[in-house]
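# Reading the structure
Chain by chain, the residues run as shown.
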Amino acid sequence: MKQFVDLYKQLDETTSSNEKIALLKNYFLSASNDDSLWCIALFIGKRFKKPISSTQLKQWVAEKTNLPYWLVDECHHIAGDLGETIAHLAYTNNSEKNILKNLNEIIIEIASLKNKSDDDKKAFIKEYWNQLTKDEIFIFNKLISGSFRVGVSEKIIIKALSIAFKIQENEIAHKLMGNWNPFETNLNELLFSNQTENFSKPYPFYLAYALENELNNLGHTKDWQAEYKWDGIRGQIIFRNHEIFIWSRGEELITHQFPEFEHLKKHLPDGTVLDGEIVILKNNELLSFQHLQKRLGRKNVSKKTMEELPAAFIAYDILEHQSKDIRQLPLSERRNILENIIPSNNVLIHLSEKIHFSTWDELKEIQQKSRTKSAEGLMLKHRNSSYQVGRKKGDWWKWKINPYSIDAVLTYAMQGHGRRANLFTDYTFALWHNGELVTFTKAYSGLSDEEIKEVDAFVRKNTIEKFGPVRSVTPQLVFEIAFEGIAFSKRHKSGVALRFPRIARWRKDKSISEANTLDDLIKLISQHV
Amino acid sequence: MLLEFTNKGIYCPQADVYIDPWRTVDKAIITHAHSDHARWGMKHYLCHEKSKAILHHRLGKEINVETKKYNEPFTINGVGFSLHPAGHVIGSSQIRVEHKGEVWVVSGDYKTECDGISDAFEPVKCNTFITECTFGLPIYNWHPQIDVFNEMIRWIKQNEADKINSVIFAYALGKAQRIIQNIYPYVEELYTHGAIENTNKILRESETNIAPTILINKESDLKKIKGKVIIAPPSAQDTPWLRKLEPYKTALASGWMTLRGARRRRNIDKGFVISDHADWNGLNSAIKNTGCETVIATHGYTEIFSKWLRQIGYRAIAEKTQYEGETADISNEIA
Ligand SMILES: [Zn+2]
Ligand SMILES: [Zn+2]
């Protein structure tokens, strides 16, 4: 445990990627294989069932410290992180610190709490709180509460593993994907076993950066393939050993949410892996992302849902053909194979259209009209590009259309969590309607640290009322809110729901009377369709 | 009421005198020389003798300053006053006010742990205690300073071995000298930024013992400054002055460093939890030791802290002041 706690602390205290890689490499080489496996699982964000609720933890720490529950709750709200809050509250420096168990042992003990009574759970937790140091209590709480976020990206883990065990990075990336379970496997099996044993395993996705240069700098138009960028879920369809698996880009197995794709067994050759977009396509019309979300939210999909919200796959690329990994082939060759295997006139699967263009100006016009196709912009891919791992610059670019935007008035503010605890960073905005301001969306981020401080000071000086952590403020500040999509919604007071709302800029030049109206917003919906 | 909260500051009507006012008044008693407590424009200032030089440095040579020693009684319009050590920074005082048998104490900023350079906090019996509560939440529990300084020295030694400078950000009056006094036996040379050196100079002139430090200026041979300790104010972060001292690691010494989020937000390599304010236990024990019935909380988590005090049996209210630190932002931990 101590070794892992030290690792966490050191990772937390450096901003340098190289230093993080070195720390992790040293850990992988010196910790036990079991602990290393857990370290990987925790840091890449594998989630486990919580055996204990946050409320229970707060109650027990209130009990232990003789503090009222509301005070523990206030502390949690201000510190932002429950594990950290409890570490500061529960730590006592008079007890003996003598828990010498390793990470693996503690995790197994925590997992076995699942079937215990609340009293047993409490006794277990309190025993640990008494015997651990403050840093250890923090990590222990994190293990219990099931969420583990550190400033370590998967890329860093992969690099560290690659150096430590002398395995190629993209091979490790592939091995870490998929639904391996640290309770059921071990480090050797994960890293060194033959990968074909696990038929469900997807390839790491190749992700594009947003286009940053002038189009002309990309060179010849004939070197580039342009496609629409669809607003669905990026996914992989895997057909191996007579079985279909569907993976989302978030590395979640979503086969059961889309049972219709089972039929693809009849239409695709075995030993195929496709990259594409899962969308809802009804009578040849692409429905908005909201409809897709309804499908994702359901564990069991009924026939009725499938009829109302039929899913389809728009294939962008082929990664495995005749059971061979073909990611190193140039895109033009992969595209030829793809065109050959995608059946025509099939409702379930479609080939992503190649856009014909001869000049960059022509493409620009197409890009600007892409919303009429319900696309969110274009993708540009170099014809010679291989299918790479992760987000890489150069060969692939995404070229999104400008988002919608509207000027709105700040009406409520809430304190942030974690990095921004103590600052008012979460805002709610309103638009004019019949002479009143009507709340219509929340929006985060998009402001600089300086601006956040400024808004924070404004909120403190202009609070009208406090509702728990939320404050209503004098309407005075105007912000431009950008968003990607918009739809009618019964659940929202304003009657509309936005997709990806964010603050584009602070309109210090505008007074609240110049903010937009709800009608202005609703007009955008009709443009959308 | 013996003391009132007005829009100019804490006011004693019988004596016609203000304590730490934030607007221009005739007569001001100043708890300590931090800029949010000692403001410009008063006709007459009264403070502890050790605050005088800094007060002149900050507010001008021409201001009219009268000084007192700790525990030296004086009267204004029949109201009895005296200053008592607050342990916050050099010269910091609690103000005791007595009239017709009723005693109020204004804590100013204080801490209960002795830091080795300020006179140690002294509990003063009173009926009403006006307390700060910058860190008035039970998550704020300081470790003994010796443990923190040991950790700091280990960090410095590691950087020294890596030939990397250790830049420690600390507030110019108080925190900086506290660090200097506690680490100088373990390091060969201590370098300072101009803002820190100015304060050191003034304190040395007024006969406060501060270990020798070396100012970094245009004439300094930067090649020699490798693997050294540099004390700088937080405002020096991301300045060209600091960039010349690369390679370095940064640390911030502040009570706010308790929370990981606060450290991340400041983009600092290392946080040392050292504060010149009382922690949760310090606040609670200080209040208990005054034997008071009424507490007025200012300066910090006033609402939460006074609610807590009411729950454990005090008459307690929260009052708004213009002392900083309420924004809970590290850059404002002037206090
Ligand atoms: Zn102060
Ligand atoms: Zn203060």
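Quick look at the structure, then.

What counts, and where the lines are drawn
- Residues numbered from 1 in each chain as written.
- Chains lettered and ligands numbered in written order.
- Predicted model: local features only at pLDDT ≥ 70, side-chain atom pairs only at ≥ 80, totals over all residues.
- Heavy atoms only, no water.
- Helix = DSSP H or I, 4+ residues; strand = E, 2+ residues; numbered from the N terminus.
- Buried < 20%, exposed > 50% of the residue type's maximum accessible area, 1.4 Å probe, protein only.
- Contact = heavy atoms within 4.5 Å.
- Areas by Shrake-Rupley, 256 points an atom, 1.4 Å probe, with all protein chains shown as cover.
- Donors = N, O, S within 2.8 Å, 3.2 Å for Na, K, Ca; no water.
- Pairing = 2+ DSSP bridges.
- Axes fitted to C-alpha atoms, helices over the stretch in contact; angles between N-to-C directions.
- Salt bridge = Lys/Arg side-chain N within 4 Å of Asp/Glu carboxyl O.
- Phe/Tyr/Trp six-rings, centres within 6.5 Å; stacked < 30°, edge-to-face > 60°.

## A short note on the overall build of chain B
Scanning chain B from N- to C-terminus turns up eight helices and 19 strands. Within chain B, the fraction of its 335 residues that count as buried is 62%. Counting contacts in chain B only where the partners sit at least 6 residues apart, residues at least 24 apart contribute 58% of the total. Accessible surface computed for chain B: about 13,300 Å², of which carbon and sulfur atoms make up 48%.

## Details of the coordination of the zinc ion (ligand 2)
Residues and elements named next belong to chain B. At the metal site, the zinc ion (ligand 2) is ligated by H37 (NE2), D109 (OD) and H299 (NE2), and these contacts range over 2.1 to 2.3 Å. Ordering the donors of the zinc ion (ligand 2) by residue number gives the pattern H-x71-D-x189-H. Taken as an interatomic distance, the gap from the zinc ion (ligand 2) to the zinc ion (ligand 1) is 3.7 Å; D109 donates to each of them. Separated by 72 residues along the polypeptide, H37 in the loop between β4 (27-29) and β5 (44-48) and D109 in the loop between β10 (102-106) and β11 (128-133) bring together distant segments of the chain. Judged by its relative accessible area of 1%, H37 is buried. We classify D109 as buried; its relative accessible area is 1%.

## Description of the sheet that holds strand β7 (residues 74-76) of chain B
Hydrogen bonding along the main chain pairs the strands of a sheet, whether they run parallel or antiparallel. Residue and element names in this part refer to chain B. With respect to topology, seven strands assemble into an open sheet ordered β7-β8-β9-β10-β11-β18-β19, the strand pairing being mixed. Pairing within the sheet leaves two strands with one partner each, and these edge strands are β7 and β19 (315-318). Pairwise comparison of adjacent strand axes, ignoring direction, gives a mean angle of 25° for this sheet. With three bridges connecting them, β10 and β11 associate as parallel partners. When the bridges of β11 are listed, V106 appears paired with I130. Contacts from helix α7 (residues 280-290) reach β11 and β18 (294-300), with the element oriented near 170° to β11.

## Some remarks on the pairing of strand β12 (residues 165-169) of chain B
Residues and elements named next belong to chain B. Counting buried positions along β12 gives five out of five residues, so the element sits mostly inside the fold. Side-chain alternation along β12 places N165, V167 and F169 on one buried face and S166 and I168 on a second face that is also buried. Pairing between β12 and strand β16 (residues 248-253): five bridges, direction parallel. Note on β16: the bridge partner recorded for F169 is L252. In the sheet, β12 pairs with strand β15 (residues 229-232) via four bridges, with the strands oriented parallel. Residue pairing in the sheet places F169 in a bridge with A232 of β15.

## Digging into the pattern of salt bridges
Tallying each qualifying case throughout the model produces 45 salt bridges over all chains. When the shortest N-O distance is used, the salt bridge between R460(A) and D456(A) registers 2.8 Å. Linking R460(A) with D456(A), this pair stays in helix α17 (residues 449-461), spanning four residues, or about one helical turn. The class for R460(A) is partly exposed, based on a relative accessible area of 24%. When the shortest N-O distance is used, the salt bridge between K68(B) and E66(B) registers 3.4 Å. Among the charged side chains, a network of salt bridges with common partners joins K9(A), E13(A), D135(A), E151(B) and K270(B).

## Quick word on the packing of aromatic side chains
All names here are of chain A. Taken as a whole and assessed by the stated rule, the structure comprises 35 aromatic pairs over all chains. Between Y8 and F138 the ring centres are 5.5 Å apart and the planes differ by 65°, which places this aromatic pair in the edge-to-face class. Pair noted here: Y8 is in helix α1 (residues 2-12) and F138 is in helix α9 (residues 134-145), with a separation of 130 residues, a long-range link. What makes Y8 buried here is its relative accessible area of 3%. Take F138: its relative accessible area is 7%, and that puts it in the buried class. Arranged with centres 5.7 Å apart and planes meeting at 85°, the rings of Y387 and W396 form a pair that is edge-to-face.

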